[in-house]
Amino acid sequence: MLSAHVVAHTHWDREWYHPFVRFRQRLVALVDELLDDPPASNESFLLDGQAIVLEDYLDVRPERAAEIAALLQRGSLEAGPWYVLADELLPSGEALVRNLLLGRRVLRRLRASSPPVLYCPDSFGHPAALPAIAAGFALPLILIWRGFGGRRWPPTDTVLWQAPDGERVVTYHLPPNGYEYGSALPVEEVAARERWARMRDELTSRSATGVVIVPNGADHHARQREQRAAVHALAAAAGNDVVRASSLSAFTDELLARAREKPLPCVQGELRDSYGYTWTLQGTFASRAAQKRGNARAERLLVRDAEPWAALARRRGALSRWPLLVAAWRTLLQAHPHDTLCGCSIDAVARAMDRRLDDAIAQGVGIRDDAIADVIGHDVVDARSRKSSWHPIVIVRNRSARPRGGVAIVEIKNFIADVPVGPGSAPASTNTPMRAASSIDGAAIQLLSEREEYDRIESPRHYPDNDLVASARAAVWLAAVPAYGVAALPLGTLGGRAAKPSRAVRAVGHSLDNGIVNVSVDARGRVDLKMAGRRIRDLFVIDDRVDEGDLYTPSIRGECATAELRDVSTTHRGPLIGEVRLRWRLRSPGSRRASTLSVRVQLVAESPLVRMRIDGHNRHRDHRLRLGVRTGTAAAVVWADAAFGPVRRDPLSVPNEDRERETPPPTAPLHRYVSLFGVDAGATLFSDGLAEYEATKNGELFVTLLRAVGELSRNDLPERPGHAGWPAPTPLAQALGPFSARFALLLHGARENRTVDSIERAADDALLPLEGRTLRSALTVPAPTLGAELRGEGLAFSALKESEDGEWMVARCVNLLETPVQGSWRFGVPIREAYTARLDETLGESISVEDNTVEFIALSRATVTILVR
């Protein structure tokens, strides 16, 4: 006998084939109807597991907030726990946590809470850490559709899903038709009997507990007309089975009660394989690739820059900036719905995402800069009124939870002339020559570029002081900067004997050597790399292929363009940075236009990383352009960075009968890095945000620079017959114009604890290098500051932020190893008390504090959250 809960719902893609504002108009009508005729007692209408729809509605109908709150509190409306139904494989683990925290915040403003379900009805796959995230928010059930089901999984609708840290959560899987399974229920008696007979056969064959959900709704659908009569007709047709109008909460309660009595199969790892069951849609990781990169940059800015400095400033007596950070995250998370972040929406949605990314970055930079001023004790109001006392300094910040020295990239600004604004600001007939950038006391310096620009010194109580400055970008050699600390360097002439690296970069012709790595480029543009007895010949592969696909699915064909080397030049010769630039034309047969591609290969003093800066201009349509890097590590095991730690990725083995409806692509999602491990050696490629890679059997790692396609959805693709979305032209998705990327390659040993730890440290060095900027209005030279230092082999920094309630500082790390690790956090401010906590910041057990240090044990692959004050 089945116990079937019919839950009325809508699946609400906030933007997709219409922009957000058009869909919001339909949302307002839908919710108005629900408020005017609410669900009956013990029933609900589910607003798709996300809280942003409540904000969107109340932005237009604020006068109905009390009615919305009353129905949420009664359970007649259900929403959350997410803020937005995000893609789950592209965002970082911290972004998924912020998503849930903001969803909870929205509901709490309405004195409501979400159903106890991590509701994921349409995500294009799920990360391995999702059970740990659910448990971290006390959500005992996960509901999913895509990414699971078919011959390679247990043939059941309910399983235990185990995260890498061992956390297990009950997971319910929807039928092949997903959240539309119970849409358009018939009212007529005969039709209802026929519908239930079909549904029962499908539900019973997979039911592990006898408890099933029948989602009654579909994309952007209002409540079904005569919905109560339709459910009544289905219940009458069900005979001995129990069918009733219900809620997601009631379904969860009964399912979990039954599940406790049943031995459920256990699954592990990512859920990215539903081939033969339903579309998995794993081809979106390079659609509108530049936006993925922009999102990754914005996430890094908020998680690794703005949040930590704001938390450290607060602990040094500054006002809380957490409300500003919530606003910045709200902006960024509105770019995370899967149709938005995955790039499978119309061009109007893509333009809106660009604006959100720009806005989130502007907010993050402002929070970071203001917080750092507080950390070093710089009063911008006092400084603005004392211009005669300015002593310019360079503030170098270390965005890592370990002390670091070496090469820092700094921006040096020297005053040229005051630039008035307003009446009387007409220019005089003078020609002021550019002034060279000054050196920095006690440091070796290498000038990289110079220009003139305008620079403003601002204060909340003054007009800006606007100046023309000589701005130089330079590499500087530094001793160690404290963990999450800053070091101040006075501008001036180079005094005394400068500190220098013991292994500087040397350039001879088109060869670079820093005593660790040697890179040489021949006249035909072939790059050879040597390091520690290893040699990789012809390092790069340029792969440009025709792509006849759409924004959901690549359809790769023959060659699009061939690469013709234009020139090779040595652009920096050391001693801190050496760089060789290679430039190619990409010519397509029959086309008079050629795309361009430039790769700058860099070595940095004392660093084993081979850095690569990619710039190009795309002039071709309907193609996929990739850069391949040979690693010399054939037949390797692949480990790829993902939410809360890397995961092992083995190639999918999908039989031909399961490929008929959708062919799995050979590509996979890329977070910060992907590693290849052989028996004795390995290699890791770091990416600053491009999100799709492919690992080949012979040890090549390809990263997609761009996919240029012009259709949202096509129905004639052999890789996926049928439309995945409503067809629409997407000319912006052809990605015409400039593109860029940043990569780094690290050669290392086999996969062992020391190697895993070194890869994580190299990720910080590659993606979060030491950086500095000139503070021209400094009145003093502040002493170096320590923010927070994380110790323990294999422990990766995850977050340092102010708690949601403003009472604590949250320090989170992830154990990347398969064994427990003794770890500690050391802080630069006095610590009174510390507690363990869940991801949702619920307090756990008290931890002892000694000398501003908190020690802890991180279990295998565990995410450890500690609250201190």
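Residues numbered from 1 in each chain as written. Predicted model: local features only at pLDDT ≥ 70, side-chain atom pairs only at ≥ 80, totals over all residues. Heavy atoms only, no water.

## Focus on the overall build of the protein chain
Note the cut-off: Secondary structure follows DSSP: runs of H or I at least 4 residues long count as helices, runs of E at least 2 residues long count as strands, and numbering of each begins at the N terminus. With C-alpha atoms as the basis for the radius of gyration, the globule rule is written as 2.2 Å multiplied by the number of residues raised to the power 0.38. Classification of residues uses two cut-offs on accessible area relative to the type maximum, computed with a 1.4 Å probe and protein chains only: under 20% is buried, over 50% is exposed, and between them is partly exposed. Should any heavy atoms of two residues lie within 4.5 Å, those residues are considered in contact. The Shrake-Rupley method, run with a 1.4 Å probe, gives the accessible areas here. Residue values count only the displayed protein chains as cover. None of His or the chain ends enter the tally, which takes Lys and Arg as positive and Asp and Glu as negative. To locate a charge, the coordinates of NZ of Lys, CZ of Arg, CG of Asp or CD of Glu are taken.
The helix and strand tally for the protein chain stands at 14 helices and 47 strands. Computed over C-alpha atoms, the radius of gyration of the protein chain comes to 28 Å, within 12% of the 29 Å expected from 2.2 N^0.38 for 869 residues, which places it in the range of a compact globule. Considered along the principal axes of its C-alpha atoms, the protein chain spans approximately 95 × 60 × 60 Å. Across the 869 residues in the protein chain, those meeting the buried criterion constitute 60%. Taking the intrachain contacts of the protein chain between residues at least 6 apart in sequence as the baseline, contacts between residues at least 24 apart amount to 77%. Accessible surface, the protein chain as shown: approximately 33,600 Å² in total, 49% of it carbon and sulfur. Looking at the protein chain, you have 109 positive and 108 negative side-chain charges, and the mean spots of the two groups are 5 Å apart.

## Some points on the pattern of salt bridges
Our working rule: Within this document, salt bridges are pairs made up of a side-chain nitrogen of Lys or Arg and a carboxyl oxygen of Asp or Glu, the two lying within 4 Å of each other.
Tallied over the entire structure, the rule returns 83 salt bridges. Members of the salt-bridge network, linked through shared partners, are K387, E411, K413, D418, R451, E453, D455, D465, D467 and R776.

## A short note on the packing of aromatic side chains
Applicable threshold: Here a Phe, Tyr or Trp ring, Trp counted by its six-membered ring, pairs with any other such ring whose centre lies within 6.5 Å, and the pair is stacked when the planes are under 30 degrees apart, edge-to-face when over 60, and tilted otherwise.
All chains considered together, the criterion is met by 14 aromatic pairs. Between W145 and Y179, the ring centres sit 5.5 Å apart and the planes meet at 85°, which makes this aromatic pair edge-to-face. Of this pair, W145 sits in the loop between β5 (141-144) and β6 (158-162) while Y179 sits in the loop between β7 (168-173) and α6 (189-206), placing them 34 residues apart in sequence. Their ring planes at 15° and their centres at 6.1 Å tell us that W825 and F827 sit as a pair that is stacked. Each member of the pair, W825 as well as F827, is classed as buried.

## Here we look at the nonpolar core
Taken as a class, soluble globular proteins show a tendency for nonpolar side chains to be buried jointly. Counted only if it meets this: Here, nonpolar core means buried Ala, Val, Leu, Ile, Met, Phe, Trp, Tyr and Cys residues that are tied together by side-chain atoms lying within 4.5 Å of each other.
Within the largest apolar cluster, 148 residues are counted, with the highest numbers of intra-cluster contacts made by I68, W825 and F827. Residue contributions to this core peak at nine residues, all from helix α9 (residues 289-315). Counting residues in hydrophobic clusters, the runner-up holds 59 residues, among them V505, L512, L597 and L603.

## Remarks on the packing of α9 against helix α12 (residues 347-375)
In plain terms, the rule: Lines fitted to the C-alpha atoms define the axes, with helices restricted to the stretch that makes contact. Angles between their N-to-C directions range from 0 to 180 degrees. Any angle that is under 35 degrees is reported as roughly parallel, and any over 145 degrees as roughly antiparallel; angles of 65 to 115 degrees are reported as roughly perpendicular and all others as oblique. Each crossing gets its hand from how the near helix is turned against the far one by less than a right angle, where anticlockwise is left-handed and clockwise is right-handed.
Orientation of α9 relative to α12, taken along the N-to-C sense of each, is 25°, at an axis distance of 8 Å. Relative to α12, the element α9 is oriented roughly parallel. Here the hand of the crossing between α9 and α12 comes out left-handed.

## A word on the sheet that holds strand β17 (residues 511-513)
Applied cut-off: When DSSP finds two or more bridges between a pair of strands, those strands are recorded as paired.
Strand order across the open sheet formed by five strands is β16-β17-β18-β19-β20, with antiparallel pairing between neighbours. Strands with a single pairing partner mark the edges of an open sheet, and in this sheet they are β16 (506-508) and β20 (534-536). Between one strand axis and the next, the sheet turns by 15° as a mean value, whatever way the strands run. Pairing between strand β18 (residues 518-521) and strand β19 (residues 527-531): four bridges, direction antiparallel. Note that in β19 the partner of N518 across the bridge is K530.

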